[in-house]
Amino acid sequence: QVQLVESGGGLVQAGGSLRLSCAASGRTFSSSAMGWFRQAPGKEREFVAAISWTGGSIYYADSVKGRFTISRDNAKNTVYLQMNSLNLEDTAVYYCTRYRGQIPTTAPDYWGQGTQVTVSS
């Protein structure tokens with residue numbers, strides 16, 4: 001069983017930055033691809049970023065490319081999402097995920113409970 005616990009969300013002004021963290025339990029973290037999704041009010045959940053277990057393969061949604069950075073620390077069983085130049089459209093609940101296999105060809109099989117990110121003008 002895998003448990004994912006996100007933290008680091010909050011209220012930030014447009015143009016600001018936040019760093020999300022996701023602490024994972026379970027011995028498979030270091031061999032699992034991890035990712036972040038988000039869901040804005042009234043919208044479907046969407047992909048944000050993903051990282052392979054080695055960190056050698058990284059994918060971003062076009063909407064966050066150049067502003068967000070995903071990284072991981074396998075020694076700490078933690079994956080991060082550094083978010084810079086935040087804008088109002090980034091307001092959403094952000095979810096940490098574990099992928100069932102390699103990215104980008106497989107889907108997530110575990111989800112965290114989510115952390116709210118609110119960007120104000």
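Located above this text is the structure these notes cover.
S.K.: Would you mind showing me how to read the overall build of the protein here?
M.R.: A tally of helices and strands in the protein yields zero helices and eleven strands. Ordered by position from the N terminus, the helices and strands of the protein form the series β-β-β-β-β-β-β-β-β-β-β. For 121 residues, the compact-globule estimate of 2.2 N^0.38 gives 14 Å, and the protein sits close to it at 13 Å. By principal-axis analysis of the C-alpha atoms, the protein measures approximately 40 × 25 × 25 Å. Residues counted as buried form 43% of the 121 residues belonging to the protein. Within the protein, contacts between residues at least 6 apart in sequence are counted, and of these 56% link residues at least 24 apart. In the structure as shown, the protein presents an accessible area of about 6200 Å², 48% of it carried by carbon and sulfur atoms. The average position of the 11 basic charges and that of the 8 acidic charges among the side chains of the protein differ by 7 Å.

S.K.: How do you make sense of the environment of Thr-115 when you look at a structure like this?
M.R.: Position of Thr-115 among the secondary structure elements: in strand S11 (residues 115-120). Thr-115 gets classed as buried once you look at its relative accessible area, which sits at 11%. Residues Thr-115 and Gly-16 lie 99 residues apart in sequence; the distance between their C-alpha atoms is 17 Å. A polar side-chain atom of Thr-115 sits 3.3 Å from the main-chain amide nitrogen of Gly-9.

S.K.: Whenever I open this one, the pattern of salt bridges confuses me. Can you help?
M.R.: The full count for this structure, using the stated rule, is five salt bridges. For Asp-90, the salt bridge is made with Arg-38, and the minimal N-O distance between the two is 2.9 Å. One end of the pair, Asp-90, is in the loop between strand S8 (78-83) and strand S9 (92-99); the other, Arg-38, is in strand S4 (residues 34-39), with 52 residues separating them in the sequence. This pair shows no difference in class: Asp-90 is buried, exactly as Arg-38 is. What emerges from the salt-bridge pattern is a single network uniting Arg-38, Glu-46, Arg-67 and Asp-90.

S.K.: How should the nonpolar core be read in this particular structure?
M.R.: Within the largest apolar cluster, 27 residues are counted, with the highest numbers of intra-cluster contacts made by Trp-36, Val-48, Phe-68, Val-79, Leu-81, Met-83 and Tyr-94. Going through the elements one at a time, strand S3 (18-24), S4, strand S5 (46-51), strand S7 (68-73), S8, S9 and S11 are the ones with two or more residues in this core. Considering each element in turn, this core owes the most residues, four residues, to S3. Those residues in contact with Phe-68, other than ones at most four positions away along the chain, are Arg-38, Val-48, Tyr-60, Leu-81, Gln-82, Met-83, Asn-84, Leu-86, Asp-90 and Tyr-94. Membership of the second largest hydrophobic core comes to five residues, among which are Ala-33, Phe-37, Ala-50 and Ile-103.

S.K.: What exactly am I supposed to notice about the state of the cysteines here?
M.R.: Inspection of the entire model under this criterion finds one disulfide. Here Cys-22 engages in a disulfide with Cys-96; their sulfurs sit 2.1 Å apart. Its S-S torsion of about -80° marks the bond between Cys-22 and Cys-96 as left-handed, since a negative value means left-handed. With Cys-22 in strand S3 and Cys-96 in strand S9, this residue pair connects regions lying 74 residues apart in the sequence. For the pair Cys-22 and Cys-96, one class covers both residues: buried.

Calculation notes
- Residues numbered from 1 in each chain as written.
- Predicted model: local features only at pLDDT ≥ 70, side-chain atom pairs only at ≥ 80, totals over all residues.
- Heavy atoms only, no water.
- Helix = DSSP H or I, 4+ residues; strand = E, 2+ residues; numbered from the N terminus.
- Rg over C-alpha atoms; globule rule 2.2 N^0.38 Å.
- Buried < 20%, exposed > 50% of the residue type's maximum accessible area, 1.4 Å probe, protein only.
- Contact = heavy atoms within 4.5 Å.
- Areas by Shrake-Rupley, 256 points an atom, 1.4 Å probe, with all protein chains shown as cover.
- Lys, Arg positive; Asp, Glu negative; His and termini not counted.
- Charge placed at Lys NZ, Arg CZ, Asp CG, Glu CD.
- Polar contact = N/O pair within 3.5 Å; in protein donor to acceptor, adjacent residues only side chain to side chain.
- Salt bridge = Lys/Arg side-chain N within 4 Å of Asp/Glu carboxyl O.
- Core = buried A, V, L, I, M, F, W, Y, C linked by side-chain atoms within 4.5 Å.
- Disulfide = S-S within 2.5 Å.

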